[in-house]
Amino acid sequence: MNYQDTINWMFNQLPMYQLQGAQAYKKDLSNARKLAAHLNYPEKKLKCIHVAGTNGKGSTSHMLASVLQEAGYKVGLYTSPHLKDFRERIKINGVEISEKFVEDFITEHQLFFEANDMSFFEMTVGLAFDYFAAAKVDIAIIEVGMGGRLDATNIITPLVSVITNIGLDHTQFLGNTLEAIAFEKAGTIKPNVPVIIGEYTSETKPVFLSRAKEGSSEIYFAADLVFENYPSDLIGDYQVHNKKTVLQTIQVLNKQTEFEISPQNIQDGLLHVVKNTGLQGRWQQIHTAPKVICDTAHNKNGLEIVLKQIQKEKFDALHFVLGVVNDKDLEEILPLFPKNTKYYFCKPNIPRGLDAQVLQQKAALFELHGEVYNSVSEAYQKALQNAVATDFVYVGGSTFVVAEIL
């Protein structure tokens, strides 16, 4: 199989949460452990930072990678989902895994994957661990896919565990209370491994404290500490919290391991996240006059901050290109959106995309009005046509909407 054949096989043959939802969710780590044994335990050859949380996992992971790269280390970075190409998920010092490595890995292990009903996500995690081990990275930043306790990445024992925050997302898998979701995320806390909590609430803090105490894990609450607010090329308002989490993590890494990261490394790393890692879709400006911002925020906590930031902008009129996936709690997120806005409703081009007409009808119940378009790109082009130079255009609602216009 060539690269495209390989990717098609991975996407079409196997369950994958990104496309199929609940069908892809595994209830234990037995498959991940079975695959690790088959691959001769590559994860045991890695030094890792494990990053979980509802929002901010991707930004935090990329910031950490950038800082460590500036300190001269060879840094593996595993994140999900991707925006344009599967290989975005697995990088070393900002360079994506080669097509050939992906092809060879899948070809070599395809019979094992089929015989053991490996999910898309399990295969991808195995691929990342195998690639990082073969390349002998100095450190790997491993982002949790969903939840934590039962996530395929949770077979690692990291140097530091990170939990950015807890919000109500993926409730059909993780529970419908903050405490229940915190319990799943806290499953990444390992005995005697320090854990950094980015943000907490009165409901989630006791869950984290209890889990840390069980494992004699030192726990740090980054939100409570005062750090210098280093500038960053990631300029979304929500990055303030992520930067604190990163700074606390680096402090612990400096203290507990052989890694040495200087204040200059931190400053340079935070300033050059996009250049060093290739991160996209976080309060990213893609057009001027009218100003167009795209952002992958897709749940209540993330959208609240993004929508508040939009209100700080100067504009004559607002245009929103909006699409969501079909398991999104619209009753929770639609009340957040401004009413005095022209909406361009669209469906992201994946099986889980919510029909744009359904979104239009639901939005109308919250006095959000606009037209339906056949694709994200059509909706975006229409917004650009309608907007004048002094207007503001926002593209979002789903990672998959943003992916289609980048």
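Parameters and conventions
- Here, residues in each chain are numbered from 1, in the same order as that chain's written sequence.
- Note on the predicted model: pLDDT of at least 70 is required for a residue's local features to be given, and 80 or more for side-chain atom pairs to be given and counted; whole-chain, interface and lining totals, by contrast, use all residues.
- As a rule here, side-chain values come from all non-hydrogen atoms in the structure, and water together with hydrogens is ignored.
- Only DSSP runs of H or I with at least four residues qualify as helices, and only runs of E with at least two residues qualify as strands; both kinds are numbered from the N terminus onward.
- Per-residue accessibility, obtained with a 1.4 Å probe over protein chains only, is compared with the maximum for each type, and a residue is labelled buried under 20%, exposed over 50%, and partly exposed between these values.
- Note on contacts: a residue pair qualifies if any of its non-hydrogen atoms lie within 4.5 Å across the two residues.
- With residues, only the protein chains shown are counted as cover, and all accessible areas are computed by Shrake-Rupley using a 1.4 Å probe.
- Counted charges follow a simple rule, with Lys and Arg positive, Asp and Glu negative, and His plus the chain ends left uncounted.
- Charge placement uses NZ in Lys and CZ in Arg. For Asp and Glu, CG and CD serve respectively.
- A strand pair is defined by DSSP finding two or more bridges across the two strands.
- Axis definition: a line fitted to C-alpha atoms, over the contacting stretch in the case of helices. Angles run 0 to 180 degrees between N-to-C directions.
- What a helix is expected to span follows from its residue count: subtract one and scale by 1.5 Å.
- Stacked, tilted and edge-to-face pairs are distinguished by plane angle, under 30 degrees for stacked and over 60 for edge-to-face with tilted covering the rest, among Phe, Tyr and Trp rings (Trp via its six-membered ring) whose centres lie within 6.5 Å.
- As a reminder, the over-ring test applies to NZ of lysine and CZ of arginine, requiring each to be within 6 Å of the ring centre and within 35 degrees of the ring normal.
- An angle counts as roughly parallel when it lies under 35 degrees, as roughly antiparallel when it exceeds 145, as roughly perpendicular when it falls between 65 and 115, and as oblique in every other case.
- By convention the crossing between two helices is left-handed if the near helix lies anticlockwise of the far one by an angle smaller than a right angle, and right-handed if it lies clockwise.
- For this classification, the nonpolar set comprises Ala, Val, Leu, Ile, Met, Phe, Trp, Tyr, Cys and Pro, the charged set comprises Asp, Glu, Lys and Arg, and every other residue, Gly included, is treated as polar.
- Within this document, salt bridges are pairs made up of a side-chain nitrogen of Lys or Arg and a carboxyl oxygen of Asp or Glu, the two lying within 4 Å of each other.
- Distance and chemistry together define a polar contact, namely a pair of N or O atoms within 3.5 Å, with one atom able to donate a hydrogen and the other to accept it when in protein, and with adjacent residues in sequence counting only for side-chain atoms on both sides.

(A) Inspection of the overall build of the protein chain at higher detail. Looking only at helices and strands, the protein chain features 17 helices and 14 strands. In terms of overall dimensions, the protein chain has a C-alpha envelope of 55 × 50 × 40 Å along the principal axes. Split into buried and exposed, the 406 residues of the protein chain put 59% on the buried side. By sequence separation, contacts in the protein chain at least 24 residues apart represent 75% of the contacts at least 6 residues apart. Put simply, the protein chain shows about 16,500 Å² of open surface, and 48% of that area lies on carbon and sulfur atoms. Seen as two clouds, the 38 positive and the 46 negative side-chain charges of the protein chain have centres 3 Å apart.

(B) Up close: the environment of E122. Examined against the element boundaries, E122 turns out to sit in helix α6 (residues 120-135). A relative accessible area of 5% means that E122 is categorised as buried. Residues E122 and A152 lie 30 residues apart in sequence; the distance between their C-alpha atoms is 5.8 Å.

(C) Structural context of the sheet that holds strand β2 (residues 75-78). Read from one edge to the other, the open sheet built from eight strands follows the order β4-β3-β2-β5-β1-β6-β7-β8, with strand pairing classed as mixed. Of all the strands in the sheet, the pair left with one neighbour each is β4 (95-96) and β8 (219-221). In this sheet, strand β7 (residues 195-197) lies alongside strand β6 (residues 160-163) in parallel orientation, the contact comprising three bridges. Bridge pairing in β7 links I163 to I197. Contacting β1 (48-52), β2, β5 (139-143) and β6, helix α4 (residues 57-70) runs over the sheet at an angle of about 170° to β5. Against the sheet, helix α10 (residues 239-256) contacts β1, β5, β6, β7 and β8, and its axis sits at roughly 170° relative to β6.

(D) Layout of α10. The terminal C-alpha atoms of α10, which comprises 18 residues, lie 25 Å apart, in line with the 26 Å expected from a rise of 1.5 Å per residue. Among the residues making up α10, those that are buried are Q239, N242, K243, T245, V246, L247, Q248, T249, I250, V252 and L253.

(E) Spatial organisation of the packing of aromatic side chains. What the rule picks out here adds up to 17 aromatic pairs. Here the aromatic rings of F320 and F337 are separated by 6.0 Å at their centres, their planes lie at 80°, and the arrangement is edge-to-face. In this pair, F320 sits in strand β11 (residues 318-322) while F337 sits in the loop between α14 (330-333) and β12 (342-345), placing the two residues 17 residues apart along the sequence. A relative accessible area of 0% means that F320 is categorised as buried. Relative accessible area serves as the criterion here: at 3%, F337 is assigned to the buried category. These aromatic residues form a ring-pair network of at least three members: F320, F337, Y343, F345 and Y394. Directly above the aromatic system of Y3 lies the positively charged group of R87, at a separation of 5.8 Å from the ring centroid.

(F) Layout of unusual backbone geometry. The step from S80 to P81 runs through a cis peptide bond, and the omega angle for that step is -5°. With respect to the element layout, P81 can be found in the loop between β2 and β3 (90-92). Residues A289 and P290 are joined by a peptide bond in cis, for which omega reads 5°. Examined against the element boundaries, P290 turns out to sit in the loop between β9 (284-287) and β10 (291-294). The phi dihedral of N93 falls on the positive side, at around 50°, and the residue is not glycine. Within the fold, N93 resides in the loop between β3 and β4. Relative to the assigned elements, A289 resides in the loop between β9 and β10.

(G) Molecular detail of the packing of α4 against helix α11 (residues 263-271). With their axes 7 Å apart at the nearest point, α4 and α11 run at an angle of 130° to one another. On the basis of their axis angle, the class for α4 and α11 is oblique. α4 and α11 meet at a crossing whose hand is right-handed. Contact residues: M63, S66, V67 and E70 in α4; N265, I266, D268, G269 and L270 in α11. Considered class by class, the residues forming the contact of α4 with α11 number four nonpolar, three polar and two charged.

(H) Molecular detail of the pairing of β5. Most of β5 is tucked away: five of the five residues are buried. In β5, alternate side chains face the same way, and those of I139, I141 and E143 on one face and A140 and I142 on the other are all buried. Pairing of β1 with β5, which is carried by four bridges, proceeds in the parallel orientation. In the strand pairing of β5, I49 is matched with I141.

(I) Local environment of the side chain of D391. The topology assignment puts D391 in the loop between α16 (376-386) and β14 (392-396). Lacking a salt bridge, the buried D391 has K342 as its closest oppositely charged neighbour, with an N-O distance of 10 Å. A distance of 3.1 Å separates a polar side-chain atom of D391 from the backbone nitrogen of A317. Within the structure, the side chain of D391 is placed 2.9 Å from the side chain of H319, a separation counted as a polar contact.

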